[in-house]
Amino acid sequence: MSSALADDSGSTPIHLLVVLHGMWGNASHLAEMRRVVEERRCQPGSEKGPGGEQLRVFIPETNKDENTYDGIDWGGERAAEEILEEITRLEKEGKKVTRFSVTGYSLGGLVARYLVGVLYQRDFFTSITPVNFNTVATPHIGLPKYPTKMSSLFAFLGPKIMSRTGPQFFLVDKWSKNGRPLLEVMADPNRLFYQALALFQHVRIYANAVHDMTVPYPTAAIEEDDVFINHPQDKVEIEFDEEYSPIIKSYTVSPSVDQPPKAAFPSVQWFKEKVPRPMLPPPLQFGFPYNILIYPFVPVLLPLLLGLIITRLSLESRKSRTRIKLLEKAESSTERLIHIVGRLEREVEDAMVDMFDSAGPSDPSPSERTLSPSSSGTATPELTKAVRNGEQRSGLLLTEQQRKIAAWLNSLPRLKKELVFIDPVRNSHGIIICRDPKRFPLHKQGEGVLRHWADHLIL
């Protein structure tokens, strides 16, 4: 028998920690997350839960790679089935899951929010205690739009070439009976997804404050303005957590009214500003002065790469739609979806919800923000409502739908936010979880985030 305490049936109690990867991801992307949490919390001498529970890490496999095109909902359904199968397998080994936690990275955070709704609907939490719910760089309010050509291009192409997941990312899907997008339904306090999330004792989200080109700060941090967008020009004072840098302990942003001085031609700074690194895959990205050498080839390389990417995405989307049709024809799958949708979108109930919908409190947002310590001693931002588009310096173009989602999610009890400041880098999205430190040593900068996440899990 294990050194852990056994329950009345003689089974070893287990606290199951489920970790979910992002778009185009697989278990290898979460290797560092798994290593850090197992080294710090899963050793023989590690702290146990209140019932003697051992922490056990589980990474579902069915949503990997191209299967991430199939939608947040199908990802959640698949993950739920895998989790139930894993629990059954553990029971055969004499282990009983009594406590449950989930962490999702990027798309995985949205899948996690759907997943807990599915489990809640199946009465999973009547016998198993929900403990920790964490997300890292997750687009909680969908992918926001900025007034740039590249952002407009992504917003146009994304829903068209990413099968079921793309429209859900951009809130243009009509998931419910009444045509509401999935992310709105998942954030609605009157729906089981939100209600399941509110059961967790510990809800914490991690967001990149800067340089996340995949999931920008506002949607990862559930905020209505991007206060860090002009951080190179603004006076941004950052105090890092001494133990868990690059996590921010506190910050202030003082918007600058002065334009930065222009670099003189032909200085090195002028070339750095005027000749940026082309948007190429990481192996082909170089800093000054090597970017100048590759710049003449961009007119050939960029259209070629974009063509290859769009072709690949289109082919995978077509395969995904075929998979979804097969899934929807399966009797058990159809019953599951009808059951969930039926409970979520009753005609009369929706009519009442639509009549009395409110975007929540409209507290003014200060021009300077400071992370204030929570009651538990960890840092969490104030949950305040940002100014409207016309007053936003960031130019962030949120829809009223996205604002409503943000207000709902910010009303979650026990919600804590951790902001991460990784600078200077081109894209901090993979760095925040040390996604591939072997190929990209820069990714090691995110290890402090992983240590913070592992150390703050409640067992």
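A short tour of the structure in this document, coming up. Numbers given for residues are sequential positions, taken from 1 along each chain in its written order. Residue-level local features of this predicted model are given only where pLDDT is at least 70; pairs of side-chain atoms are given and counted only at 80 or more, and the full residue set underlies all totals for whole chains, interfaces and linings. Water and hydrogen atoms play no part in the side-chain values, which are based on all heavy atoms of the structure.

### Considering the overall build of the chain
(1) Moving on: Numbering of helices and strands runs from the N terminus, with a helix taken as a DSSP run of H or I at least four residues long and a strand as a DSSP run of E at least two residues long. For the chain, the helix and strand inventory stands at 15 helices and 10 strands.
(2) Moving on: Exposure is judged per residue with a 1.4 Å probe applied to protein chains only, and the accessible area is read against the type maximum: over 50% gives exposed, under 20% gives buried, and values in between give partly exposed. Residues counted as buried form 52% of the 459 residues belonging to the chain.
(3) Moving on: For the chain, the proportion of contacts with a sequence separation of at least 24, taken over those separated by at least 6, is 74%.
(4) Moving on: In the form shown here, the chain has an accessible surface area of approximately 21,300 Å², with 57% of it arising from carbon and sulfur atoms. Residue contacts are counted whenever heavy atoms from the two residues lie within 4.5 Å of one another. Computed with the Shrake-Rupley method and a 1.4 Å probe, the accessible areas treat only the protein chains shown as cover for residues.

### What to know about the side chain of Asp73
(1) Moving on: Tracing the chain through its elements places Asp73 in helix α2 (residues 72–92).
(2) Moving on: Of the residues examined, Asp73 reaches a relative accessible area of 0% and is grouped as buried.
(3) Moving on: Of note is the side chain of Asp73, whose polar atom sits 3.3 Å from the side chain of Gln168.
(4) Moving on: With residues up to four places along the chain from it excluded, the contact list for Asp73 reads Tyr114, Arg164, Gln168, Trp175 and Leu182. Under this definition, polar contacts are N or O atom pairs within 3.5 Å; protein pairs additionally need one hydrogen-donor-capable and one acceptor-capable atom, and for neighbouring residues in sequence, both atoms have to be side-chain atoms.

### Things to note about the nonpolar core
(1) Moving on: Phe100 and Val102 are the most contacted members of the largest nonpolar core, which has 60 residues in total.
(2) Moving on: Examining the composition of this core, we find that 9 residues originate from one element, helix α3 (residues 107–121), more than from any other.
(3) Moving on: Residues contacting Val102, with those up to four places away along its chain left out, are Leu17, Val18, Leu20, Ala112, Leu115, Val116, Asn132, Phe133, Asn134 and Phe200.
(4) Moving on: Core analysis: the second largest hydrophobic core is formed by 28 residues, Ile59, Val136, Cys434 and Ala454 among them. In plain words, nonpolar cores are sets of buried Ala, Val, Leu, Ile, Met, Phe, Trp, Tyr and Cys residues tied together by side-chain atoms within 4.5 Å.

### Observations concerning the packing of aromatic side chains
(1) Moving on: The aromatic pairing rule takes the rings of Phe, Tyr and Trp, using the six-membered ring of Trp, and pairs them if the centres are within 6.5 Å, calling planes under 30 degrees apart stacked, those over 60 edge-to-face and the rest tilted. Going through the model one piece at a time under the given rule, you end up with 12 aromatic pairs.
(2) Moving on: Ring plane angle 90° and centroid distance 6.2 Å describe the contact between Tyr114 and Trp175, whose orientation is recorded as edge-to-face. With Tyr114 in helix α3 and Trp175 in the loop between α5 (165–169) and α6 (182–187), this pair connects stretches of sequence that are 61 residues apart. Like Tyr114, the residue Trp175 is buried in the burial classification.
(3) Moving on: Between Tyr217 and Phe228, the ring centres sit 5.2 Å apart and the planes meet at 85°, which makes this aromatic pair edge-to-face. Of the two residues, Tyr217 is situated in helix α8 (residues 217–221) and Phe228 in the loop between α8 and β6 (235–240); the sequence distance between them amounts to 11 residues.
(4) Moving on: According to the relative accessible area criterion, Phe228 is buried, its value standing at 1%.
(5) Moving on: Directly above the ring of Phe156 sits Lys160, whose terminal nitrogen or CZ lies 4.2 Å from the centroid. Look at NZ for Lys and CZ for Arg. If either is within 6 Å of the ring centre and within 35 degrees of the ring normal, a charge sits over the ring.

### Points about the sheet that holds strand β2 (residues 54–58)
(1) Moving on: DSSP-based pairing: two strands are paired if at least 2 bridges between them are found. Read from one edge to the other, the open sheet built from 6 strands follows the order β2-β1-β3-β4-β5-β10, with strand pairing classed as parallel. Among the strands making up the open sheet, the edge pair consists of β2 and β10 (415–420). Neighbour-to-neighbour, the strand axes of the sheet open up by a mean angle of 20°, direction not taken into account.
(2) Moving on: What counts as an axis is a line fitted to C-alpha atoms, over the stretch in contact for a helix, and the angles between N-to-C directions run from 0 to 180 degrees. Set on the sheet, helix α1 (residues 31–41) makes contact with β1 (12–20), β2 and β3 (95–105); between it and β2 the angle comes to about 170°.
(3) Moving on: Packing of α2 onto the sheet brings it into contact with β1, β2 and β3, and relative to β1 it is tilted by some 155°.

### Quick look at the packing of α2 against α3
(1) Moving on: For the pair α2 and α3, the least separation of the axes is 8 Å and the interaxial angle reads 60°. Crossing handedness for the pair α2 and α3: right-handed. Every residue of α3 that contacts α2 at Ile72, Asp73, Gly75, Gly76, Glu77, Ala79, Ala80, Ile83 and Leu84 is listed here: Leu107, Leu110, Val111, Tyr114, Leu115, Val118 and Leu119.
(2) Moving on: Looking at side-chain class alone, the contact of α2 with α3 contains 12 nonpolar, 2 polar and 2 charged residues. Two helices that cross are described as forming a left-handed crossing if the nearer one is turned anticlockwise from the farther one by less than a right angle, and a right-handed crossing if clockwise. Just so you know the grouping, Ala, Val, Leu, Ile, Met, Phe, Trp, Tyr, Cys and Pro go in nonpolar, Asp, Glu, Lys and Arg go in charged, and all remaining residues, Gly too, go in polar.

### Brief notes about the pairing of strand β7 (residues 248–254)
(1) Moving on: With 5 of 7 residues buried, β7 is to be regarded as a mostly interior element.
(2) Moving on: One ladder, built from 6 bridges, connects β6 with β7; its direction is antiparallel. Paired with Lys235 across the bridge in β7 is Ser254.

### As for a nonpolar patch on the surface
(1) Moving on: A cluster of nonpolar side chains, namely Met150, Leu153 and Phe154, defines an oily patch on the protein surface of about 260 Å² accessible area.
(2) Moving on: Secondary-structure assignment places Met150 in helix α4 (residues 149–161).
(3) Moving on: A relative accessible area of 36% places Met150 in the partly exposed class. Surface patches are drawn from residues lacking salt bridges whose relative accessible area is over 30%; two like charges belong together within 9 Å, two nonpolar side chains (Val, Leu, Ile, Met, Phe, Trp, Tyr) within 5 Å. By convention in these notes, a salt bridge is any Lys or Arg side-chain nitrogen within 4 Å of a carboxyl oxygen on Asp or Glu.

### Thoughts on the environment of Glu93
(1) Moving on: On the secondary structure map, Glu93 appears in the loop between α2 and β3.
(2) Moving on: Look at Glu93 and you get partly exposed, because its relative accessible area is 39%.
(3) Moving on: Separated by 81 residues in sequence, Glu93 and Thr12 place their C-alpha atoms 9.1 Å apart.

### Some thoughts on the pattern of salt bridges
(1) Moving on: This structure, assessed with the given rule, holds 24 salt bridges.
(2) Moving on: Close ionic contact of Asp70 with Arg78 constitutes a salt bridge, the shortest N to O distance being 2.5 Å. For the pair formed by Asp70 and Arg78, the shared burial category is buried.
(3) Moving on: We note a salt bridge from Glu224 to Arg403, for which the minimum N-O separation is 2.9 Å. Taken together, the residues Glu224 in the loop between α8 and β6 and Arg403 in helix α14 (residues 400–410) connect sequence positions 179 residues apart.

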